[in-house]
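Okay, here's what each chain looks like letter by letter:
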Amino acid sequence: MVQSDLILRRGTSADAEPLAALGRETFALAYRIVIPPADLAAYLNRAFHIDQVRRELDDPGIKYFLALHEGAVCGYAKLGATASPAPEFGPRAVELARLYVAPRRIGTGTGT
C-alpha cells in the first residue's frame, strides 16, 4: 500500500531535532537485543546527538531524505559516498547508510 498523504523531501539542518529523535528511537528498537545496553547508549548519544545530526545534514556529501506524515518526520533514508565501493560500481558509488520508519508507521507503506 502506498501512502498518498506522505510528503517526501530532502532534509535540512532545521530537521536536526526531529531526525535525531527518530534516529535514536528506531536504531534502539532495531539493535537493543544485539548490542549491550551501555554500548548502545554510547552509540546513540554520539551518532544521534543533535549537533552530529545537524553536521551531517549540512554536509554536502551526505543526503537525508525524509518522509513526513501530518507534518512530522516518520521515516528517513541517509545516503552518502562509500569509502570503498566494489569495483563493479565504480568510484561514484553511493551507500544507503540508514533506512528507518517510525514504529507507528510500519505497515502503512511509508518505507516504500
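Since the structure is predicted, the reported quantities are computational estimates derived from the model, not experimental observations.

Let us look at the overall build of the protein chain. Within the protein chain, the regular secondary structure consists of three helices and four strands. Across the protein chain, helices and strands are ordered from the amino to the carboxyl terminus as β-α-α-α-β-β-β. Against the compact-globule benchmark of 13 Å for 112 residues, the protein chain has a radius of gyration of 15 Å, which places it among compact chains. Its C-alpha atoms put the protein chain at 40 × 35 × 25 Å along the principal axes. Considering only contacts within the protein chain whose residues lie at least 6 apart along the sequence, 59% involve residues at least 24 apart. Summing over all exposed atoms, the protein chain offers an accessible surface of approximately 7100 Å²; the carbon and sulfur share of this is 58%. Considering the protein chain, the positive charge centre built from 13 side chains and the negative charge centre built from 12 side chains are found 1 Å apart.

This brings us to the side chain of Thr26. Positionally, Thr26 belongs in helix H1 (residues 16-31). For Thr26, a relative accessible area of 4% gives the class buried. Among the polar contacts made by the side chain of Thr26, one reaches the main-chain carbonyl oxygen of Leu22 at a distance of 2.8 Å. Side-chain polar atoms of Thr26 contact the backbone oxygen of Gly23, separated by 3.4 Å. Once residues within four sequence positions are removed from consideration, Thr26 is found in contact with Tyr76, Tyr100, Val101, Ala102 and Pro103.

For H1, with 16 residues, the first-to-last C-alpha span of 22 Å sits near the 22 Å given by 1.5 Å per residue. Three or more residues of H1 are buried, namely Ala16, Leu19, Ala20, Leu22, Gly23, Thr26, Phe27 and Ala28. Against helix H2 (37-47), helix H3 (50-58), strand E2 (62-69), strand E3 (72-81) and strand E4 (94-101) lie the buried residues of H1.

Formed by 23 residues in total, the largest nonpolar core has its most connected members in Leu19 and Tyr76. Elements represented by at least two residues in this core include exactly H1, H2, H3, E2 and E3. The dominant element in this core, judged by the number of residues it contributes, is H1, at six residues. Residues contacting Tyr76, with those up to four places away along its chain left out, are Leu19, Leu22, Gly23, Thr26, Phe48, Tyr64, Phe65, Leu66, Arg98, Leu99 and Tyr100.

As enumerated under the stated definition, the model contains seven aromatic pairs in all. Note on Phe27 and Phe48: the rings are 5.9 Å apart at their centroids and 50° apart in plane angle, and the pair reads as tilted. Here the residue Phe27 occupies a position in helix H1, and Phe48 occupies one in the loop between H2 and H3, the gap between them amounting to 21 residues. A residue is classified by how much of its surface remains accessible, and Phe27, at 10% relative accessible area, is buried. Using a relative accessible area of 3% as the deciding quantity, one classes Phe48 as buried. Ring plane angle 80° and centroid distance 6.2 Å describe the contact between Tyr43 and Phe48, whose orientation is recorded as edge-to-face. Of the aromatic side chains, those joined through ring pairs into one cluster are Phe27, Tyr31, Tyr43, Phe48, Tyr64, Tyr76 and Tyr100.

Definitions and cut-offs
- Within each chain, residues carry numbers counting from 1 in the order of the written sequence.
- In keeping with the predicted nature of the model, local features appear solely for residues at pLDDT of at least 70, side-chain atom pairs appear and are counted solely at 80 or more, and the whole-chain, interface and lining totals rest on all residues.
- Hydrogens and waters are ignored; side-chain quantities use all the structure's heavy atoms.
- Each helix corresponds to a stretch of at least 4 residues labelled H or I by DSSP, and each strand to a stretch of at least 2 residues labelled E; elements are numbered beginning at the N terminus.
- In this setup the radius of gyration rests on C-alpha atoms only. A globule is expected at 2.2 Å times the number of residues raised to 0.38.
- Residues are treated as being in contact if the distance between any of their heavy atoms lies within 4.5 Å.
- Accessible surface area values rest on a Shrake-Rupley calculation with a 1.4 Å probe, where residue burial reflects the displayed protein chains alone.
- For the charge count, each Lys or Arg is scored as positive and each Asp or Glu as negative, with His and the chain ends excluded.
- In this description, the location of a charge corresponds to atom NZ of lysine, CZ of arginine, CG of aspartate or CD of glutamate.
- In this scheme, a residue with accessible area under 20% of its type's maximum is buried, one over 50% is exposed, and one in between is partly exposed, where area comes from a 1.4 Å probe on protein chains only.
- Think of a polar contact as two N or O atoms within 3.5 Å of one another; within protein, one of them needs to be a possible hydrogen donor and the other a possible acceptor, and neighboring residues in sequence only count if both atoms come from side chains.
- Under the convention used throughout, the expected extent of a helix is 1.5 Å for every residue step, that is, one less than its residue count.
- Take the buried residues of types Ala, Val, Leu, Ile, Met, Phe, Trp, Tyr and Cys, join any two whose side-chain atoms come within 4.5 Å, and each joined set is a nonpolar core.
- Note on aromatic pairs: the rings of Phe, Tyr and Trp (six-membered ring only in Trp) are paired at centre separations within 6.5 Å, and the planes decide the class, stacked below 30 degrees, edge-to-face beyond 60, tilted for the rest.

Such coordinate-based values are descriptive only and should not be taken to indicate function.
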